[in-house]
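# A look at the structure
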Amino acid sequence: MAFGDEGEGLAVVLIHGYPLQRAIWAPQVEASKTRFRVITPDLRGFGESEVTAGPYTMEMLAADVHALLQQRGVRSAVIGGHSMGGYVALAFARQFPEMLRGLILVNTRAGADSPAGKANRQAAAAVARQQGALAVADDMLPKLLAPATFQQQPQLVAHVHRLMAAAPVEALANAQLGMATRGASQDVLEGLFLPVLVITGADDKLIPPAESEAMARTVPGARLVVLEDAGHLASLEAPAAFNAALWEFLTVQVA
């Protein structure tokens, strides 16, 4: 399992989404490593981590993160996740609550897939195996980023496309099949008595801001941040505003 581990102090684990890798957290690592210990895993099959047999359930991926933290000597951490990484973070909160100091949910949801959503994931897994990662990247790119990002940040658009196109086909299929099996996690949020930060982009097409608003309402005291001119990749599209919200959460609500 490949990972980054930079800085000292409060451990903050940032888990990437589908079909990406830990490189999406580069703006957060660079800005935060002088304040916190930032750990960024490449989930099973993605980035530089080994591809294994699937499906990759969210519980399996959460257990991978837990094993990494144990290996790195981390006893407690703030766990954050983007999109699929948010599903993993919620699974981590369910399985390993004793290690949790706070939860950060980025462009994600707590609900399970509908029957149609599950069928779409099965179809997406088949497309990945039949047509390859480039087809997945071409299909997803228009859904990931805000109109302002396409207009103003062409280099970022190209960077995101390269990251997705580099994903191994089996990892893409295994992750889709694993996401299709996940259950709802609203009960996890309802049972939390610790700081929670929910961040989304106002122009998120994949997981609309209403999903984030619903999660924030579930946890008393949770903070909701909606970033303007950002889509599904808020941490990359609006890094300065994202980092400001992250630092305030970590220094005021968690520390």
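Let me begin by describing the structure that accompanies this report.

Procedures and definitions
Residues numbered from 1 in each chain as written. Predicted model: local features only at pLDDT ≥ 70, side-chain atom pairs only at ≥ 80, totals over all residues. Heavy atoms only, no water. Buried < 20%, exposed > 50% of the residue type's maximum accessible area, 1.4 Å probe, protein only. Helix = DSSP H or I, 4+ residues; strand = E, 2+ residues; numbered from the N terminus. Pairing = 2+ DSSP bridges. Right-handed = clockwise from strand over helix to strand, strands pointing away. Axes fitted to C-alpha atoms, helices over the stretch in contact; angles between N-to-C directions. Parallel < 35°, antiparallel > 145°, perpendicular 65-115°, else oblique. Contact = heavy atoms within 4.5 Å. Nonpolar A, V, L, I, M, F, W, Y, C, P; charged D, E, K, R; others polar. Expected span 1.5 Å × (residues − 1).

### Here we look at the pairing of strand 3 (residues 37-41)
In regular strands, side chains alternate between the two faces of the sheet. Among the five residues of strand 3, five are classified as buried, and the element is accordingly described as predominantly covered. Strand direction decides the pairing type here: strand 1 (residues 3-6) and strand 3, joined by four bridges, are antiparallel. The partner of G4 across the bridge, within strand 3, is T40. Alignment of strand 2 (residues 11-15) against strand 3, held across three bridges, turns out to be parallel. Residue pairing in the sheet places A11 in a bridge with R37 of strand 3. Running through helix 1 (residues 26-32), the crossover from strand 2 to the neighbouring parallel element strand 3 is right-handed.

### A word on the packing of helix 4 (residues 115-131) against helix 8 (residues 169-180)
Following both chains from N to C, one finds helix 4 and helix 8 inclined at 170 degrees, their axes separated by 8 Å at the closest point. With respect to their mutual orientation, helix 4 and helix 8 come out roughly antiparallel. Taken together, the residues of helix 8 that come into contact with helix 4 (itself represented by K118, R121, Q122, A124, A125, A128 and R129) are V169, E170, L172, A173, N174, Q176, L177, M179 and A180. For the contact of helix 4 with helix 8, the class distribution of residues is nine nonpolar, three polar and four charged.

### Remarks on helix 8
An α-helix turns once per 3.6 residues; consequently, residues spaced three or four apart project the same way. The terminal C-alpha atoms of helix 8, which comprises 12 residues, lie 17 Å apart, in line with the 16 Å expected from a rise of 1.5 Å per residue. The element helix 8 is extensively covered by neighbouring structure, given that 10 of its 12 residues are classed as buried. A171, L172, A173, N174, A175, Q176, L177, G178, M179 and A180 are the residues of helix 8 that are buried. Buried-residue contacts for helix 8 involve helix 2 (58-71), helix 3 (84-95), helix 4 and helix 5 (133-144).

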